[in-house]
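Per-entry structural report
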Amino acid sequence: MKIRVDDVKKKRIDLTEEEPAEHYPSLVDMEAEDGVTFTKPILAEMSAQWEYGHVRVAGKVESAVRLSCSRCLTEYELPLSSEFTIFYTESKGDEMDEEVELSDEELISASYRGDEIDLDPEIAEQVLLEVPYKPLCKESCLGLCPNCGQDLNHGECGCDRGGINLKMAALKKIKIEK
């Protein structure tokens, strides 16, 4: 999805686009590396307008993904929705090599070159930010029994899991002489 800066300077532009996840290279990489499957296309609704020497883009992206719970390995579907605003300013071409602290305003801004702004990277980034790093089928997921592997969300397995704390197991072997 691209917008022409000259068109935005004249009037507000409203855009809607629905593309499959394969349209965005970073989402294709996520599917290949992280086991995420997009079950719905990416729906992007945006409006762009000229404001104080920059282009203000407000938008919303929606989709859905199938994930595997990181505790119990159950597959589940998660709807994704993100609303955002980003300010595009024309790039002056000067590159900075030193580290600088960014203000809150700079964190929601980007630069563009030429007479068009490509919104696809921003759309993909918003979707990526909504996919959880450690997906959980529900917040209260109990996971799997470390002994027998039973899904504890469906009931207790009967294994004795209270006796050994694996984090402290090595300390059991220490003998202290007085």
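Residues numbered from 1 in each chain as written. Predicted model: local features only at pLDDT ≥ 70, side-chain atom pairs only at ≥ 80, totals over all residues. Heavy atoms only, no water.

Focus: unusual backbone geometry
Of note in this structure, Tyr 52 is not a glycine but carries a positive phi near 50°. With respect to the helices and strands, the residue Tyr 52 is situated in the loop between strand 4 (42-51) and strand 5 (54-68). Backbone geometry at Leu 73 places phi at a positive 70°, although glycine is not the residue there. Tracing the backbone shows Leu 73 in the loop between strand 5 and strand 6 (75-90). (Helix = DSSP H or I, 4+ residues; strand = E, 2+ residues; numbered from the N terminus.)

As for the side chain of Glu 51
With respect to the helices, strands and loops of the structure, Glu 51 is situated in strand 4. At 3.4 Å, the side chain of Glu 51 and the side chain of Gln 49 are in polar contact. Leaving out residues up to four positions away in the same chain, Glu 51 has contacts with Arg 56 and Phe 87. (Polar contact = N/O pair within 3.5 Å; in protein donor to acceptor, adjacent residues only side chain to side chain. Contact = heavy atoms within 4.5 Å.)

Looking at the pattern of salt bridges
Per the stated rule, a full pass over the model turns up four salt bridges. When the shortest N-O distance is used, the salt bridge between Arg 4 and Asp 115 registers 3.3 Å. Here Arg 4 is found in strand 1 (residues 2-4), whereas its partner Asp 115 is found in the loop between strand 7 (109-112) and strand 8 (116-118), with 111 residues between them in sequence. According to the relative accessible area criterion, Asp 115 is partly exposed, its value standing at 40%. When the shortest N-O distance is used, the salt bridge between Glu 51 and Arg 56 registers 3.8 Å. (Salt bridge = Lys/Arg side-chain N within 4 Å of Asp/Glu carboxyl O. Buried < 20%, exposed > 50% of the residue type's maximum accessible area, 1.4 Å probe, protein only.)

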